[in-house]
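Each chain, letter by letter, is given below.
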Amino acid sequence: MTDAPATPEQAARPPLPDRLSTDPRSPHHVAAVFEHDIGIRFNGKERSDVDEYCLSEGWIRVAAGKAVDRRGRPLTIKLKGQVEAFYR
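Everything quoted here is computed from the prediction, not taken from an experiment.

(A) The arrangement of the sheet that holds strand β1 (residues 19-21) in detail. Reading across the sheet, the four strands line up as β1-β4-β5-β6 and stay open at both edges, with antiparallel pairing between neighbours. In this open sheet, the two edge strands, each paired with only one partner strand, are β1 and β6 (74-80). Neighbouring strand axes in the sheet, compared pairwise and without regard to direction, differ in orientation by 25 degrees on average. Pairing between β1 and strand β4 (residues 50-54): three bridges, direction antiparallel. The residue bridging R19 from the neighbouring strand is C54, located in β4.

(B) Main features of the environment of E84. With respect to the secondary-structure elements, E84 resides in strand β7 (residues 83-87). When the C-alpha atoms of E84 and S56 are compared, they prove to be 9.9 Å apart, with 28 residues separating the residues in sequence. Those residues within four positions of E84 in sequence are excluded, and the remaining contacts are G39, I40, R41 and L55.

(C) The packing of aromatic side chains, seen in detail. Using the criterion set out here, one finds zero aromatic pairs in the structure. R61 extends its terminal NZ or CZ atom over the ring of W59, reaching a point 5.6 Å from the ring centre. Over the ring of W59 we find K78; its NZ or CZ atom is 4.6 Å from the centre of that ring.

(D) Spatial organisation of the nonpolar core. Of all hydrophobic cores here, the largest spans twelve residues; its members are L20, V33, I38, I40, F42, V50, Y53, I60, V62, V83, A85 and Y87. Counting only elements with at least two residues in this core, the list comes to β2 (38-42), β4, β5 (59-68) and β7. Those residues within four positions of Y87 in sequence are excluded, and the remaining contacts are R13, P14, P15, L16, V33, H36, D37 and I38.

Cut-off values and rules
Residues numbered from 1 in each chain as written. Predicted model: local features only at pLDDT ≥ 70, side-chain atom pairs only at ≥ 80, totals over all residues. Heavy atoms only, no water. Pairing = 2+ DSSP bridges. Helix = DSSP H or I, 4+ residues; strand = E, 2+ residues; numbered from the N terminus. Axes fitted to C-alpha atoms, helices over the stretch in contact; angles between N-to-C directions. Contact = heavy atoms within 4.5 Å. Phe/Tyr/Trp six-rings, centres within 6.5 Å; stacked < 30°, edge-to-face > 60°. Lys NZ or Arg CZ within 6 Å of the ring centre and 35° of its normal. Core = buried A, V, L, I, M, F, W, Y, C linked by side-chain atoms within 4.5 Å. Buried < 20%, exposed > 50% of the residue type's maximum accessible area, 1.4 Å probe, protein only.

Right, here's the structure in full:
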C-alpha cells in the first residue's frame, strides 16, 4: 500500500523538519517550509505564537511578553510538552 498525497499541492510541500525556527538567522530556519501555512499543536491546543519548536525533544519557544533584548529581538521562554507540527 502506497501513501500517495491527495492533491498535487500536498506533493509539492517539503517534509516538516524535526526542529524549525522562524528567525532567518537561525541554522534551523527552512525558507521552503514557510511558503506554506504551518500549524503547531502544543499539549492538544493549537498555538499561533511559536517562534521555534523541536518535535523530538518536545519543546517550543514563545515570546515572553513585550520584553526585548538589547538588539530589539523579543526574549523567549521554552515550554516543554507534547508538540505536533502540521500543514494547514
